Amino acid sequence: MHLSRREFLQIMAVAAAQGLPLGAGPAFAAAAGGTLYDLGKSAANVTLMHITDCHAQLLPVYFREPDVNIGIADARGHPPHLVGEALLKHFGLKPGTREAHAFTHLDYVEAARSHGKVGGFAHLATLVRQVRAQRPGALLLDGGDTWQGSATALWSKGQDMVDAARLLGVDIMTGHWEFTYGAKRVEEVVNKDFKGRIEFLAQNIRTADFDDPVFRAYTLREINGAPVAIIGQAFPYTPIANPRHLVADWTFGIQEERLQRVVDEARKKGAQAVVLLSHNGMDTDIKLASRVSGIDAILGGHTHDAVPQPVPVKNRGGITLVTNAGSNGKFLGVLELDVRGGGVKSSRYRLLPVFAKLLAPDAAMLELIRKHRAPYEARLGEKLAVSEGLLFRRGNFNGSFDQLILDALLAEKDTEIAFSPGFRWGTSILPGEPITTEDLMSMTAITYPQVTTSNITGENLKNLLEDICDNLFNPDPYFQQGGDMVRVGGLQYACDPTQKIGSRISAMQLKGKAIEAGKSYKLASWAPVAEGASGEPVWDVVTRYLRARKVIKPPVLNRPRVIGVDGNPGIAT
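Owing to the predicted nature of the structure, the values given are computational and were not obtained by experimental measurement.

Taking 1.5 Å per residue, 13 residues should reach 18 Å; helix H11 (residues 256-268) reaches 19 Å between its end C-alpha atoms and fits that length. Among the residues of H11, Glu256, Arg258, Leu259, Gln260, Val262, Val263 and Ala266 are the ones counted as buried. Where H11 is buried, its residues meet strand E5 (206-207), strand E6 (218-223), strand E7 (226-233), strand E9 (273-278) and helix H12 (282-291). Two residues or fewer after H11 comes glycine 270, characterised by a positive phi angle close to 110 degrees.

Below, the structure written as structure tokens:
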């Protein structure tokens, strides 16, 4: 979707014709969205709003939730590892409702056409303002992965998102993909654009030479008379999941013991509530919550899990509520705390879907978006092909847009096997819609987009798949260091997530023939983390492929045969 000045004015005109004031607050939401955005009465005196993993999606989008999110060991059958009907049943959501559409993949195409697009910063801005009208003093926390994921963010080095965050009223932020612009760029934004406006927190980032803090670990804010500490936790494995050379002088890690010291320090300084703004991933946050005491709630991100209600985790100090607020600007988490008598007496949490149809766009945000997009409108809106099927990316294994990228790599690079990273970010395209340059960039816009080709032996191929699989399915969340499983083209294999490393991958075949350990195979892949890699950007490769075909039939998903997971509610039947 691209927004020209004419379309901007059309949106304004439609809103006016319907009698809807731009940026309308409770009155509009009550009329269009019923009670969805009405928070009602509350005894709470502290309200924290939470967005995370929006991946630079300034405009409303379609985004399909996963049909595969497998939990193993202690995580089996528990949030966030529930999909489809199992998720609805666990959280008491009714099938066929707009909430069921927001939180699951069920009947996705039909429901998406009915309920429309989600997110968009102009619509999110309206909802944020509405919450603040109902809950004076509410803070807005950004869990990171904000500056990356779109063409305009890449081309402006995240400046469009920095400006949007300031206008949205973000108070506090931590990060992950932000670091892929390089340490110098992050520090430039934090010290200039954010100065006096947005606090960037990360207790777990230190200098590699003297172990000095790079950013503040926490902030102590008084909200309606209650002292509340917010601690920042950046993605612990940034130098592993992304190129290390971009942050060569910084160290990361979970830093559990240091976090406990920070919590204790905040309590000694008077904090009556402590909240961790985390980009660990939900499984990691659940383990962390069981081992670190004194944290009342974790507002989490990274794994893109849209979890309607918090997971309560017991620890030696009491209970910590663990949340995760989805992705792509699709949700706004609202945590309300009743803080009195020295601590949190009660809490309430809602994860509000941001339905663009139900929220009038904020005029100032809409104009900011138009301004940033104006130089690129023609390029963003170029129609490369038309998709006959649903294109999406999300889930432990291959998605249809991932498959499209794999098909393009195989065809354009003339290789036997193709790999595409297990990224969780990227929007969805409904059947019959064009695939534009903007859509393609929403799947590929990174600072290290090079496509490389290499020869790899069958033995090394298996070892590589085993290593990547262990990053996803290691039963200890502290060793889950990557995204979802690498997407694979050409090669067929079986995967048993319940096994140990070395025994998860089997039955590897290429065109019906077993992979030979000593034989060499030609592989195409993209997004190399090694410094100095060369190759054309992946979007150029896929653009050629799309232009040559014009019409893209529904891709045939090359997903592995998953074994050992019968009855697992994290995989749709």
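What follows continues from the structure just given.
Counting through the fold element by element, alanine 208 comes out in the loop between E5 and E6. For alanine 208 and aspartate 402, which are 194 residues apart along the polypeptide, the C-alpha to C-alpha distance reads 36 Å. Alanine 208 has contacts with Ala248, Asp249, Trp250 and Thr251, leaving out every residue within four places of it along the chain.

This structure, assessed with the given rule, holds 15 aromatic pairs. With 5.4 Å between their ring centres and 70 degrees between their planes, phenylalanine 179 and phenylalanine 252 make a pair best called edge-to-face. Here phenylalanine 252 lies in the loop between strand E8 (250-251) and H11 and phenylalanine 179 lies in the loop between strand E3 (172-173) and helix H9 (183-193), a separation of 73 residues in the sequence. Of the two residues, phenylalanine 179 and phenylalanine 252, both sit in the buried class. Ring plane angle 20 degrees and centroid distance 5.0 Å describe the contact between phenylalanine 423 and tryptophan 425, whose orientation is recorded as stacked. Both residues of the pair, phenylalanine 423 and tryptophan 425, belong to the buried class.

With that settled, the discussion passes to the sheet that holds strand E1 (residues 46-51). Strand order across the open sheet formed by six strands is E4-E3-E2-E1-E13-E14, with mixed pairing between neighbours. Looking along the sheet, the strands with just one partner apiece sit at the ends: strand E4 (199-200) and strand E14 (343-353). Bridge analysis of strand E2 (residues 139-142) against E3 gives two bridges, and the strand direction is parallel. Residue pairing in the sheet places aspartate 142 in a bridge with methionine 173 of E3.

A few words now on the nonpolar core. Core analysis: the biggest nonpolar cluster contains 111 residues, and Leu48, Phe121, Leu168, Phe179 and Leu332 have the highest contact counts within it. If we ignore the near neighbours within four places in the chain, the residues touching leucine 48 are Leu139, Leu141, Ile223, Ile230, Val275, Leu299, Gly333, Val334 and Leu335. Leu384, Ala408, Ala418 and Trp526 belong to the second largest nonpolar core, which has 36 residues in total.

Read across the open sheet, the four strands follow the order E22-E21-E20-E25; overall the sheet is mixed. Strands at the two margins of the open sheet, each flanked by one partner only, are strand E22 (513-514) and strand E25 (561-562). Where strand E21 (residues 505-510) and E22 come together, two bridges link them in antiparallel fashion. Residue pairing for E22: glutamine 509 is matched across the bridge by alanine 514.

It is worth spelling out the environment of phenylalanine 423 at this point. With respect to the helices and strands, phenylalanine 423 occurs in the loop between strand E16 (417-420) and strand E17 (434-436). Relative accessible area serves as the criterion here: at 11%, phenylalanine 423 is assigned to the buried category. Once residues within four sequence positions are removed from consideration, phenylalanine 423 is found in contact with Trp177, Arg393, Ile446, Arg487, Trp526 and Ala527.

Turning to the layout of surface pockets, a few remarks are in order. The volume enclosed by the largest pocket comes to roughly 910 Å³. The wall of the largest pocket is formed by 36 residues, among which Ala241, Pro421, Ile468, Ala527 and Val529 lie closest to the centre. Mapped by element, the contributors of at least two residues to the lining of the largest pocket are helix H10 (238-241), E16, helix H17 (458-473) and strand E23 (520-526). The dominant element in the lining of the largest pocket, judged by the number of residues it contributes, is H17, at four residues. Looking at the lining of the largest pocket residue by residue, the class counts come to 19 nonpolar, 13 polar and four charged. By volume, the second largest pocket is sized at about 630 Å³. Surrounding the second largest pocket, 34 residues form its lining, Ala75, His81, Asp283, Pro477 and Gln480 being those nearest its centre. Mapped onto the lining of the second largest pocket, the elements with two or more residues apiece are H12 and H17.

Turning to the confidence of the model for the protein, a few remarks are in order. Across the protein, pLDDT averages 94, with 94% of residues at or above 70. When the elements of the protein are averaged for pLDDT, helix H2 (residues 26-33) gives the smallest value, 43, and E2 the largest, 99. In the predicted structure, residues 10-31 sits below a pLDDT of 50 and forms 32 contacts with residues beyond four places in sequence or in another chain.

Right, let's talk about the packing of helix H6 (residues 121-134) against helix H13 (residues 363-373) for a bit. The geometry of H6 relative to H13 is characterised by a closest axis approach of 8 Å and an angle of 155 degrees between their N-to-C directions. As summarised for this structure, H6 and H13 are arranged roughly antiparallel, according to the angle between their axes. Here the hand of the crossing between H6 and H13 comes out right-handed. Contacts between H6 and H13 involve Phe121, Ala122 and Ala125 from the first element and Met365, Leu366 and Ile369 from the second. Of the residues that constitute the contact of H6 with H13, the class distribution is six nonpolar, no polar and no charged.

Calculation rules
- Residues numbered from 1 in each chain as written.
- Predicted model: local features only at pLDDT ≥ 70, side-chain atom pairs only at ≥ 80, totals over all residues.
- Heavy atoms only, no water.
- Helix = DSSP H or I, 4+ residues; strand = E, 2+ residues; numbered from the N terminus.
- Expected span 1.5 Å × (residues − 1).
- Buried < 20%, exposed > 50% of the residue type's maximum accessible area, 1.4 Å probe, protein only.
- Contact = heavy atoms within 4.5 Å.
- Phe/Tyr/Trp six-rings, centres within 6.5 Å; stacked < 30°, edge-to-face > 60°.
- Pairing = 2+ DSSP bridges.
- Core = buried A, V, L, I, M, F, W, Y, C linked by side-chain atoms within 4.5 Å.
- 1 Å grid on protein atoms, 1.4 Å probe; cavity = no way out; pocket = protein on both sides within 12 Å on 5 of 7 lines; lining within 4 Å.
- Points joined across faces, edges and corners; volume = space filled by probe spheres on them.
- Nonpolar A, V, L, I, M, F, W, Y, C, P; charged D, E, K, R; others polar.
- pLDDT = per-residue confidence, 0-100.
- Axes fitted to C-alpha atoms, helices over the stretch in contact; angles between N-to-C directions.
- Parallel < 35°, antiparallel > 145°, perpendicular 65-115°, else oblique.
- Left-handed = near helix turned anticlockwise from the far one by under 90°.

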